[in-house]
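Okay, here's what each chain looks like letter by letter:
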Amino acid sequence: MNRWRPEPETPSAGLRDDSEALEWFALAVRPRHEKAVSRLLRYKGYETFVPLYRRQHRYGRRLRQFELALFSGYVFCRFDALVRLPILMTPGVIRLVGAGRVPTPVDDNEIKALQSAARASFPMQPHAFLTAGERVRIASGPLAGVEGVVVDSTRPFRLLLSITLLQRSVLVEINEDLVLRQREISWS
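Residues numbered from 1 in each chain as written. Predicted model: local features only at pLDDT ≥ 70, side-chain atom pairs only at ≥ 80, totals over all residues. Heavy atoms only, no water.

Enquirer: When you look at the pattern of salt bridges in this model, what are you seeing that I'm missing?
Expert: Oppositely charged side chains can form a pair if their charged atoms are brought close together. Across all of its chains, the model carries three salt bridges by this definition. Between E47 and R78 there is a salt bridge, and its shortest N-O distance comes to 3.6 Å. Here E47, found in strand β2 (residues 47–49), pairs with R78, found in strand β5 (residues 74–80); they are 31 residues apart in sequence, far enough to count as distant. On the basis of relative accessible area, E47 is assigned to the partly exposed category, the value being 37%. As a salt-bridge pair, R54 and E67 come within 3.6 Å of each other at their nearest N and O atoms. Pair noted here: R54 is in strand β3 (residues 52–59) and E67 is in strand β4 (residues 62–69), with a separation of 13 residues, a long-range link. Look at E67 and you get partly exposed, because its relative accessible area is 36%. (Salt bridge = Lys/Arg side-chain N within 4 Å of Asp/Glu carboxyl O. Helix = DSSP H or I, 4+ residues; strand = E, 2+ residues; numbered from the N terminus. Buried < 20%, exposed > 50% of the residue type's maximum accessible area, 1.4 Å probe, protein only.)

Structure follows, in structure tokens:
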């Protein structure tokens, strides 16, 4: 059975010719609607980007692969911020990410870096945004409950454990999946 699928239109609907006015913005979308919203926006003529990663799940003896959004609940879209009503009227779009009613553009270099990594088919997966200097607690494993400060959030993940009284520190390399941010810790 041959089904007709509409081809994406050329970028003209709602877009102006001066490409300097077009910036990348993050759109908050309904959960698990990233691909559908992206498809609808491309059909309207907008440039979109939804970086994906592969995830495997085992159902009994079967193994199934899924392509999920790297940034769950978000779609990147390039448009003129002054003409945003067609974006907001797209089914599945909740809001533009920004401060109050003012959308904040995403750095063009960050989008280009993600697009390059996706084109090169590098394996990617979501990762907690941890910065150097952030206080964390180890959630599981032999060091469960230990608190420390992130020194380097790249691989290998480095955590600084300090004894304040002695003014001495130890640098530990651990798996970043074992770490909880200080604000994620419930002190019950």
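Enquirer: So what exactly am I meant to see when it comes to the layout of surface pockets here?
Expert: The method is simple in principle: a probe with the dimensions of a water molecule rolls over the atoms, and the space it marks as empty is what remains. Its boundaries defined by the atoms lining it, the largest pocket holds a volume of some 360 Å³. Taken together, the elements giving at least two residues each to the lining of the largest pocket come down to β5, β9 (105–106) and α3 (108–119). The element best represented in the lining of the largest pocket is α3, accounting for four residues. Of the residues in the lining of the largest pocket, the class split is 11 nonpolar, two polar and two charged. (1 Å grid on protein atoms, 1.4 Å probe; cavity = no way out; pocket = protein on both sides within 12 Å on 5 of 7 lines; lining within 4 Å. Points joined across faces, edges and corners; volume = space filled by probe spheres on them. Nonpolar A, V, L, I, M, F, W, Y, C, P; charged D, E, K, R; others polar.)

Enquirer: Quick question: what am I supposed to make of the packing of aromatic side chains here?
Expert: Two aromatic rings are characterised by how far apart their centres lie and by the angle between their planes. Inspection of the entire model under this criterion finds three aromatic pairs. Between F25 and F79, the aromatic rings sit 4.8 Å apart at their centres with planes inclined by 35°, giving tilted as the arrangement. One end of the pair, F25, is in strand β1 (residues 22–29); the other, F79, is in strand β5, with 54 residues separating them in the sequence. The two residues F25 and F79 agree in class, both being buried. (Phe/Tyr/Trp six-rings, centres within 6.5 Å; stacked < 30°, edge-to-face > 60°.)

Enquirer: Teacher, can you tell me more about the confidence of the model for the protein here?
Expert: Do not read the predicted coordinates in detail wherever pLDDT is low. Scored by pLDDT, the protein comes out at a mean of 78, with 71% of its residues at no less than 70. When mean pLDDT is taken per element in the protein, helix α1 (residues 34–44) scores highest with 97 and strand β13 (residues 168–174) scores lowest with 59. With pLDDT under 50 throughout, residues 1–16 is counted as low confidence; its partners more than four residues away or in other chains account for 22 contacts. (pLDDT = per-residue confidence, 0-100. Contact = heavy atoms within 4.5 Å.)

Enquirer: How should I be thinking about a positive patch on the surface in this particular structure?
Expert: The grouping of R32, K35, R39 and R42 at the surface amounts to a positive patch. Among the structural elements, K35 can be located in helix α1. Classification of K35 as partly exposed rests on a relative accessible area of 38%. (Patch = residues over 30% accessible without salt bridge, like charges linked within 9 Å, V, L, I, M, F, W, Y side chains within 5 Å. Areas by Shrake-Rupley, 256 points an atom, 1.4 Å probe, with all protein chains shown as cover. Lys, Arg positive; Asp, Glu negative; His and termini not counted. Charge placed at Lys NZ, Arg CZ, Asp CG, Glu CD.)

Enquirer: What should I look at first to understand α3 in this one?
Expert: Every α-helix carries 3.6 residues per turn, so stepping three or four residues along brings you back to the same face. Along its 12 residues, α3 runs 16 Å from first to last C-alpha, staying within 8% of the 16 Å computed at 1.5 Å per residue. Among all positions in α3, only I111, L114, Q115 and A117 are buried. Across the axial projection of α3, the buried residues extend over an arc of 165°, all falling on one side. For α3, the exposed residues lying more than 90 degrees away from the buried face are N109 and R119. If you follow the buried residues of α3, they end up packed against β1, β2, β5 and β9. Just past α3, the residue S121 takes up positive phi, approximately 60°. (Expected span 1.5 Å × (residues − 1). Arc of directions from axis to C-beta.)

Enquirer: Got a minute to help me understand the side chain of Q115 in this structure?
Expert: With respect to the helices and strands, the residue Q115 is situated in helix α3. Since its relative accessible area comes to 17%, Q115 is described here as buried.

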